[in-house]
Each structure stands twice: as C-alpha cells, then as structure tokens.
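Coordinates in review
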Amino acid sequence: MNKKQNSDNNIALNRKATHEYSIEERFEAGIALEGWEVKSLRAGRTQLDQSYVIIKSGEAFLLGASITPLQTASTHIHPDPQRTRKLLLHKRELSKLIGNVERKGYTLIPLSLYWKGKHVKLQIGLAKGKKAHDKRASEKDRDWQRDKQRLMKKSKL
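Summary of the structure given here. Because the structure is a prediction, the values reported are computed rather than measured.

Reading guide: rules and limits
Once a new chain begins, its residue numbering starts again from 1 and follows that chain's sequence as written. Reporting in this predicted model follows two pLDDT cut-offs: at least 70 for local features of residues, and 80 or more for side-chain atom pairs to be given and counted; totals over whole chains, interfaces and linings ignore these cut-offs and use all residues. Side-chain measures here rest on the full set of heavy atoms in the structure, leaving out hydrogens and waters. Numbering of helices and strands starts at the N terminus; helices are DSSP runs of H or I of at least 4 residues and strands are runs of E of at least 2. Exposure is judged per residue with a 1.4 Å probe applied to protein chains only, and the accessible area is read against the type maximum: over 50% gives exposed, under 20% gives buried, and values in between give partly exposed. Working definition: rings of Phe, Tyr and Trp (its six-membered ring) pair if their centres are within 6.5 Å, and the pair is stacked with planes under 30 degrees apart, edge-to-face with planes over 60 apart, and tilted otherwise. For a Lys NZ or an Arg CZ to count as sitting over a ring, it must be within 6 Å of the ring centre and within 35 degrees of the ring normal. For patch detection, residues must exceed 30% relative accessible area and be free of salt bridges, and they are connected within 9 Å for like charges or within 5 Å for nonpolar side chains (Val, Leu, Ile, Met, Phe, Trp, Tyr). Values of accessible area rely on a 1.4 Å probe in the Shrake-Rupley scheme; residue burial ignores everything except the protein chains shown. Note on definitions: salt bridges are taken to be side-chain nitrogens of Lys or Arg within 4 Å of carboxyl oxygens of Asp or Glu. When charges are counted, Lys and Arg contribute as positive and Asp and Glu as negative, whereas His and the chain ends are disregarded. Each charge is placed at NZ for Lys, CZ for Arg, CG for Asp and CD for Glu. One less than the residue count of a helix, multiplied by 1.5 Å, gives the span that helix is expected to have. Should any heavy atoms of two residues lie within 4.5 Å, those residues are considered in contact. Side-chain atoms within 4.5 Å are what join buried Ala, Val, Leu, Ile, Met, Phe, Trp, Tyr and Cys residues into a set we call a nonpolar core.

1. Here we look at the environment of alanine 132
- With respect to the helices, strands and loops of the structure, alanine 132 is situated in helix H4 (residues 132-156).
- A residue is classified by how much of its surface remains accessible, and alanine 132, at 48% relative accessible area, is partly exposed.
- For the pair formed by alanine 132 and leucine 151, sequence separation is 19 residues and the distance between their alpha carbons is 29 Å.

2. Regarding the packing of aromatic side chains
- Applying the stated criterion across every chain yields a total of zero aromatic pairs.
- Here the basic side chain of arginine 42 rests over the ring of tryptophan 115, its NZ or CZ set 4.4 Å away from the ring centre.
- Positioned over the ring face of tyrosine 106 is lysine 128, at 4.8 Å from the centre of the ring.

3. Looking at a positive patch on the surface
- Side chains of Arg103, Lys104, Lys128 and Lys131 sit close together on the surface and give a patch of like positive charge.
- Summarising the element assignment, lysine 131 is placed in the loop between strand S9 (119-129) and H4.

4. Considering helix H3 (residues 91-104)
- When the terminal C-alpha atoms of H3 are compared, their 19 Å separation across 14 residues agrees well with the 20 Å that a helix rising 1.5 Å per residue should span.
- Among all positions of H3, only Leu94, Leu97, Gly99 and Asn100 are buried.
- Against the buried residues of H3 lie strand S2 (21-31), strand S4 (52-56), strand S5 (59-63), strand S8 (107-116) and S9.
- Of the residues one or two after H3, glycine 105 is the one with positive phi, at around 80 degrees.

5. Examining unusual backbone geometry
- Look at serine 57: it is not a glycine, yet its phi comes out positive at around 50 degrees.
- With respect to the helices, strands and loops of the structure, serine 57 is situated in the loop between S4 and S5.
- Among the residues examined, serine 57 registers a relative accessible area of 69% and is labelled exposed.

6. Some remarks on the nonpolar core
- Counting residues in hydrophobic clusters, the biggest one holds 25 residues, and the most contacted among them are Leu87, Leu113 and Ile124.
- Of all elements in the fold, only strand S1 (10-13), S2, helix H2 (35-42), S5, H3, S8 and S9 reach the threshold of two or more residues within this core.
- A per-element tally of this core places S9 first, with four residues.
- Here leucine 113 is in contact with Asn10, Ile11, Ala12, Leu41, Thr46, Leu48, Val120, Lys121 and Leu122, once residues within four sequence places are set aside.

7. Digging into the pattern of salt bridges
- Tallied over the full model, the rule gives eight salt bridges.
- Residues lysine 116 and glutamate 28 are paired through a salt bridge, measuring 3.1 Å at the closest nitrogen-oxygen approach. Of this pair, lysine 116 sits in strand S8 while glutamate 28 sits in strand S2; the two residues are 88 residues apart in sequence, bridging distant segments of the chain.
- On the accessibility criterion, glutamate 28 (21% relative accessible area) is partly exposed.
- In this structure, glutamate 37 and arginine 83 form a salt bridge, with 2.9 Å as the shortest nitrogen-oxygen distance. Of this pair, glutamate 37 sits in helix H2 while arginine 83 sits in the loop between strand S6 (66-67) and strand S7 (85-88), and the two are 46 residues apart along the sequence. For the pair formed by glutamate 37 and arginine 83, the shared burial category is buried.
- Bridged by salt links that share partners, the residues Glu34, Glu37, Arg83 and Arg85 form one connected network.

Shown next as structure tokens:
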C-alpha cells in the first residue's frame, strides 16, 4: 500500500503493534462483515489491540478483534463481538504470506482498520517480534527524533 490513509478514514489503530513488532511489509485486505458490524464500525465501536491474523487451509482469518454491537441491533440476531472474520486477499498475496509465516517464522499483525470508499479495509503487517533491547532502542530513537524536532523549531524562532 503506497498511499497513507487519511486520519478521518481510520476506524481503529493497533498502536501496540509497532512497539511489540518490527513490521517488514504491509498488505491491504478486505474483510467479510455482517450488517450490524458495519453499523458498529461507523459508530467507532471496535478494538484491534488483542487481535491477530491466522492462515488456515489457504485462507486468512482475523481473530480477537472486538466489534461491540449497538443497542439498536436487531432482536432476531445474536451478535458475537469476538467472532472470526474472513479476510479477502488475492491468491498471490496469500501464497506469499503463507510462505513467510510457515517457513520464515513471521507473524501477521492487524495494524489498522479503515474506510476505503464504501468498503472496510484492514492493513496487515508481516512482522517479527522485537526483543526487549530492540524495544528500548526504538524508544530511544523516537525520543531523539522528538527532541530534534523541538530543537529545530526553537532554532527557527
């Protein structure tokens, strides 16, 4: 995915993902949703923090994502907020992901859920877990970038 998503198109972000994992590559996937889930997403009632992506029998699934149903959900539907949702990817992308996950030891992490036109898309990251010293180094680097921006701002004044 080359373009950066607009912040008003974002539904949910997984902020822990970049702290816990080093993201090697990003993929955009469609997601199969039910009607009540789309309405809840429009209301912003979702969380990706505890979710992950698995590949089973040649298909990708999102597990652990919580979409809280609205109170006005239909009476004849019994919504399951934690249900497993199928991800829609091209065969080429799926085969690449399967190869990396099974042979090279990568993990698939959901990064963000966003609107693209009228469709809901999920950005998936092909990631490796960070060790404790990697986390400290990236935190130190982030702090230095913030301080550098402050110094540059002061010097311009």
